[in-house]
Amino acid sequence: MTSLDLRTTTADLKAPVISHSDILVVGGGPAGVAAAVTAARTGAKVTLLERYSALGGLAAGGMVLVLDDMINGQEITVTGIVSEYVERLETLGLAVVAPEDDRHASTDTWNKWGRFGLFDFHSHSNPKPICYAAAFDPDGWKRVSNDLVREAGVTLRLHSWFSRPIVDNGVMKGVICETKAGPQAFTADIVIDTTGDIDVASRAGASYVQDNYLTTLVFRLGGVDTVAAEKFEQENPKEARAINRKIKRMLGGAWELWWLKTPIPGMVWCNAPHLTGYNGVDPEDMTRAEFDARDRISESVDYVKANLPGFENCYIVDVAQQMGVRQTRLLEGEYVMTKDDVTSRRHFADSVARGRDYYYPYRSLLPKEVDQLLVAGRHYSATPDAQKMSREIPPCMAMGQAVGAAAAIALDQNILVREVDARDIQRQMHLNGADPGDVPSANATIDEEALVVA
């Protein structure tokens, strides 16, 4: 168990107070936008703080350009705000989703959709089945995020880097941000931590564990003849595998497919290099990781141009603004999800969000030591092994939507967030078009001891 203590109090506050809100969300990634928009749509006064120049977090700045982990067999399990993103991106021509008739396993469907990453990556069959997933454009994600936030009436502050929490007698009262204008304070009745590393909760005294996993600096290549590249791979599988194996070694590691097509013709997404041994919350480590990754990208692109048909005229379009960090600090909350919870598909009576075929109890989003604070995103309360299997972007958005609903309910009922009835959150999630996981799928393991009669 670890905790940091960088708290200040309202009595000791020296930074100017910029605003007071009903709900303050810190971190404008997918989970943060989902939380802020959900809460604001209830009429609550919501402020959203983001350190970078744009919303989107790892979906935009980190360029993690496939939405997955949204299905349990043929059942779509993650809905709500993530569905709104997919629909809006498709309307803009900036997302690709395989039609329902093609969501099965066959060589034909793989050849059409596999290179967009629209397959069930948990399947061990060959070819892997095409499923409900979405390949999207990062700037499109920023555009949709802006639209959702503005339409909901969220007060947004970019270029505001969280520094210290404001806590009075164990109750969150707001945060201090560092800005070009100097330190600025934002107060609120309820605070939601969607920083990805529980920056707020950990500094407010909440307990956590820390571990490391892969880091990835994603990049995109333009000028790729994807038709020629796929033709070469399909007609020369042995030679293609040898070339791709070498590229992946040069990159330091990658998933099965190191490049994927995007909605932009001729532009491919490279979810690599995968690097190990770097601490995602250590600035010295992250500086070394940035240099290591860029060196590998430069070397591998030179090799790709010289050896992989279809890539002869490729060039680097961009490298992600944010390093893809998968795991750092993890909350030790009211309930800590385990690997067995995930793999056994344990269903909880207080399930308020779903992933692929696993469920998040409301207790896993609640710090033990601090009141009026909620968390959502990859830093939720879980063991490191459990988090590795349950931290994709769509489920993080579902968690964000759940805590946004919980905060709004707490305000409406004038109670603490830890006193909110999960059944009220479940009802609100359904009203928002989201699946809170209150009805378990056929393959779930029921947590019998925790059953609550509605």
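Look above for the structure.
All of the points below concern the structure found in this document.

**A closer look at the pattern of salt bridges**
Following the criterion strictly, the structure yields 27 salt bridges and no others. Linking Asp-199 and Arg-329 is a salt bridge whose minimum nitrogen-to-oxygen distance equals 2.8 Å. With Asp-199 in helix H6 (residues 199-203) and Arg-329 in strand S20 (residues 329-331), this residue pair connects regions lying 130 residues apart in the sequence. Classification of Arg-329 as buried rests on a relative accessible area of 9%.

**Details of unusual backbone geometry**
Backbone geometry follows two general trends: most residues other than glycine have a negative phi, and most peptide bonds adopt the trans configuration. Omega for the peptide link from Asn-126 to Pro-127 comes to 5 degrees, which places this bond in the cis form. Counting through the fold element by element, Pro-127 comes out in the loop between helix H4 (107-113) and strand S7 (134-136). In this structure, the amide linkage connecting Ala-272 to the following residue, Pro-273, adopts the cis form with an omega of 0 degrees. If you trace the backbone, Pro-273 turns up in the loop between strand S16 (268-270) and strand S17 (274-275). Even without being a glycine, Met-63 presents a positive backbone phi close to 55 degrees. Looking at the element boundaries, Met-63 is found in the loop between helix H2 (57-60) and strand S3 (66-67). With relative accessibility at 4%, the residue Met-63 sits in the buried group. A positive phi angle is found at His-159, which is not glycine, with a value near 55 degrees. Examined against the element boundaries, His-159 turns out to sit in the loop between strand S8 (155-157) and strand S9 (161-168).

**Quick word on empty space enclosed by the protein**
Evaluated as defined, the whole model comprises two cavities of 30 Å³ or more. What lines the largest cavity is Asp-68, Asp-69, Met-70, Ile-71, Phe-119, Asp-120, Phe-121, His-122, Cys-131, Tyr-132, Ala-133 and Arg-356. When the residues that make up the lining of the second largest cavity are grouped by side-chain class, the tally is four nonpolar, four polar and no charged.

**Some details on helix H5 (residues 138-152)**
Taking 1.5 Å per residue as the helical rise, H5 with its 15 residues ought to reach 21 Å, and the 21 Å between its terminal C-alpha atoms agrees with that figure. Residues of H5 that are buried: Pro-138, Gly-140, Trp-141, Val-144, Ser-145, Leu-148, Val-149 and Ala-152. Viewed end-on, H5 has its buried residues packed into an arc of 165 degrees, placing them on one side of the element. Opposite the buried face of H5, at more than 90 degrees from it, the exposed residues are Arg-150 and Glu-151. Backbone nitrogen of Asp-139 and a side-chain oxygen of the N-cap are separated by 3.1 Å at the start of H5; the cap is Asp-137.

**Side note on the pairing of strand S22 (residues 351-354)**
The sheet contact formed by S22 and strand S23 (residues 359-361) spans three bridges and is antiparallel. The partner of Ala-353 across the bridge, within S23, is Tyr-360. Turn length for the S22-S23 hairpin, with the two strands adjacent in sequence and antiparallel, is four residues.

**Describing the packing of aromatic side chains**
The full count for this structure, using the stated rule, is nine aromatic pairs. Ring centres 5.3 Å apart and planes at 70 degrees place the aromatic pair Trp-259 and Phe-311 in the edge-to-face group. A residue pair is termed long-range when its members are at least 10 positions apart, and Trp-259 in strand S15 (residues 259-261) and Phe-311 in the loop between helix H9 (283-307) and strand S18 (315-319) qualify at 52 residues. Like Trp-259, the residue Phe-311 is buried in the burial classification. Between Tyr-358 and Tyr-360, the ring centres sit 5.6 Å apart and the planes meet at 90 degrees, which makes this aromatic pair edge-to-face. Given the relative accessible area of 0%, Tyr-360 is considered buried. The rings of Tyr-85, Phe-136 and Trp-141 are connected pair by pair, giving a single aromatic cluster. Lying over the aromatic face of Trp-259, Arg-115 brings its terminal NZ or CZ to 3.9 Å of the ring centre.

**Some words on the sheet that holds strand S14 (residues 219-222)**
Strand order in this open sheet of four strands is S15-S16-S14-S18, and the pairing throughout is antiparallel. In the strand order of this sheet, the two ends are held by S15 and S18, each with one partner. Neighbour to neighbour, the strand axes of the sheet diverge by 30 degrees on average, direction disregarded. Pairing geometry for S14 and S18, over four bridges, is antiparallel. Across the sheet, Gly-222 pairs through a bridge with Tyr-315, a residue of S18. The strands that helix H7 (residues 226-235) touches are S15 and S16; relative to S15, the one it contacts most, it runs at about 125 degrees. Docked against the sheet, H9 engages S14 and S18, running at close to 160 degrees with respect to S18.

**Section: the sheet that holds S3**
In a beta sheet, neighbouring strands are held together by backbone hydrogen bonds and run either parallel or antiparallel to one another. Spatially, the three strands line up as an open sheet ordered S3-S7-S6, and their pairing is antiparallel. The open sheet has two free edges, formed respectively by S3 and strand S6 (95-96), since each of these has just one partner strand. Note: S6 against S7, two bridges, orientation antiparallel. Pairing of Ala-95 across the sheet is with Phe-136, part of S7.

Rules behind the numbers
Residues numbered from 1 in each chain as written. Predicted model: local features only at pLDDT ≥ 70, side-chain atom pairs only at ≥ 80, totals over all residues. Heavy atoms only, no water. Salt bridge = Lys/Arg side-chain N within 4 Å of Asp/Glu carboxyl O. Helix = DSSP H or I, 4+ residues; strand = E, 2+ residues; numbered from the N terminus. Buried < 20%, exposed > 50% of the residue type's maximum accessible area, 1.4 Å probe, protein only. 1 Å grid on protein atoms, 1.4 Å probe; cavity = no way out; pocket = protein on both sides within 12 Å on 5 of 7 lines; lining within 4 Å. Points joined across faces, edges and corners; volume = space filled by probe spheres on them. Nonpolar A, V, L, I, M, F, W, Y, C, P; charged D, E, K, R; others polar. Expected span 1.5 Å × (residues − 1). Arc of directions from axis to C-beta. Polar contact = N/O pair within 3.5 Å; in protein donor to acceptor, adjacent residues only side chain to side chain. Pairing = 2+ DSSP bridges. Phe/Tyr/Trp six-rings, centres within 6.5 Å; stacked < 30°, edge-to-face > 60°. Lys NZ or Arg CZ within 6 Å of the ring centre and 35° of its normal. Axes fitted to C-alpha atoms, helices over the stretch in contact; angles between N-to-C directions. Contact = heavy atoms within 4.5 Å.

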